[in-house]
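Residues per chain, in single letters:
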Amino acid sequence: MTTWFISDLHLDPVRPASTRLLLDFLAYLQGRADGLYILGDFFEFWIGDDVLDSPQGQGVLPVVEALARLSASGVPLYFQHGNRDFLVGADFAGRTACTLLPEAQVISLYGQPVLLMHGDQLCTDDHAYQQARRQFRDPAWQRQALAMSIPQRLETARQLRLQSQAHNQTKTEIIMDVNLQTVEQALRTHGVDCLIHGHTHRPAIHDFTLDGRAVQRIVLGDWYEHGSFLRVAPGSKALSAEPGWLVRY
Ligand code: MN
């Protein structure tokens, strides 16, 4: 019995190695997992599900088909949006048979409640980003964006990435990490002792005490240098959470 978590693959045609690694990983999971949770920034950018029926989207089809095969093999698949792929929608979910999760979701992991987030909403010291995030998550803004032609959307996505890179170069490491009070508030609000998130690309298991209880914040890693995952199994007392890496030989 194992449940798997990944995030921040930032799949992009310009870095085909991570897509190949993912296809191997998804094939490996068939028949071996109780579930796979994708916690955002699966894609480097996503301009709308209709791209799958356009010439620009053909490169992604092997990934969509591999996710569909994994679902069909009986492994439940869950997808949470990141700050890059917030436009992943119902058509993508239908084609891959994944369940789209809201931006904060508590699951019962072998009986223990665990909070799942992409993690960008925890970076509350980055005021400029939080403001941009409110816009990207606004349904009216999204409808307007999706109404543009595919070439227009590709260009907008490219410009947003350039802007984000320029902004991030001027920010300190601390501003770009999670705010610990926001983390504590999230744990309290959702009544959980464990949070799993991605986004910061700083994989770690943080054990600390909150309101006299032992709590845990598990941060997933990105897929830039190698694949990264978290595998959770039921333990004798608590859950056993084990990070791992995938290397292509
Ligand atoms: Mn992110």
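It should be noted that the structure appears before, not after, this text.
The rules behind these values
- Residues numbered from 1 in each chain as written.
- Predicted model: local features only at pLDDT ≥ 70, side-chain atom pairs only at ≥ 80, totals over all residues.
- Heavy atoms only, no water.
- Axes fitted to C-alpha atoms, helices over the stretch in contact; angles between N-to-C directions.
- Helix = DSSP H or I, 4+ residues; strand = E, 2+ residues; numbered from the N terminus.
- Parallel < 35°, antiparallel > 145°, perpendicular 65-115°, else oblique.
- Left-handed = near helix turned anticlockwise from the far one by under 90°.
- Contact = heavy atoms within 4.5 Å.
- Nonpolar A, V, L, I, M, F, W, Y, C, P; charged D, E, K, R; others polar.
- Buried < 20%, exposed > 50% of the residue type's maximum accessible area, 1.4 Å probe, protein only.
- Arc of directions from axis to C-beta.
- Pairing = 2+ DSSP bridges.

Chemist: When you look at the packing of helix α1 (residues 16-29) against helix α2 (residues 61-72) in this model, what are you seeing that I'm missing?
Modeler: In helix packing, the relevant descriptors are the interaxial angle and the interaxial distance, both defined with respect to the helix axes. It is at 9 Å that the axes of α1 and α2 come closest, and there the two elements cross at 15°. The angle between the axes of α1 and α2 places the two elements in the roughly parallel class. Along this stretch, α1 crosses α2, giving a crossing that reads as left-handed. Contacts from T19, L22, L23, L26 and L29 in α1 reach P62, V63, A66, L67 and L70 in α2. A class-by-class count of the residues in the contact of α1 with α2 yields nine nonpolar, one polar and no charged.

Chemist: Any chance you could explain helix α4 (residues 127-136) here in plain terms?
Modeler: It helps to recall that an α-helix has 3.6 residues per turn; residues three or four apart then point in one direction. Listing the buried residues of α4 in full gives Y129, Q130, R133 and F136. All buried residues of α4 project into a common sector of 115° when viewed along the axis, lining one side. In this structure, α4 carries H127, Q131 and R134 as exposed residues pointing more than 90 degrees from its buried face. Tucked into the core, α4 has its buried residues touching α5 (139-146) and α6 (150-169).

Chemist: What should I look at first to understand the sheet that holds strand β7 (residues 194-197) in this one?
Modeler: Remark on secondary structure: sheet strands pair via backbone hydrogen bonds, oriented parallel or antiparallel. Reading across the sheet, the five strands line up as β5-β6-β7-β9-β8 and stay open at both edges, with mixed pairing between neighbours. Edge strands, defined here as strands with exactly one partner in the open sheet, are β5 (104-109) and β8 (204-210). Each strand axis lies, on average, 25° off the axis of its neighbour in the sheet, ignoring direction. Direction of pairing for β5 relative to strand β6 (residues 112-117): antiparallel, over a ladder of six bridges. Following the sheet pairing, Q105 is matched in β6 by L116.

Interpretation note: all reported values are geometric properties and have no functional meaning in isolation.
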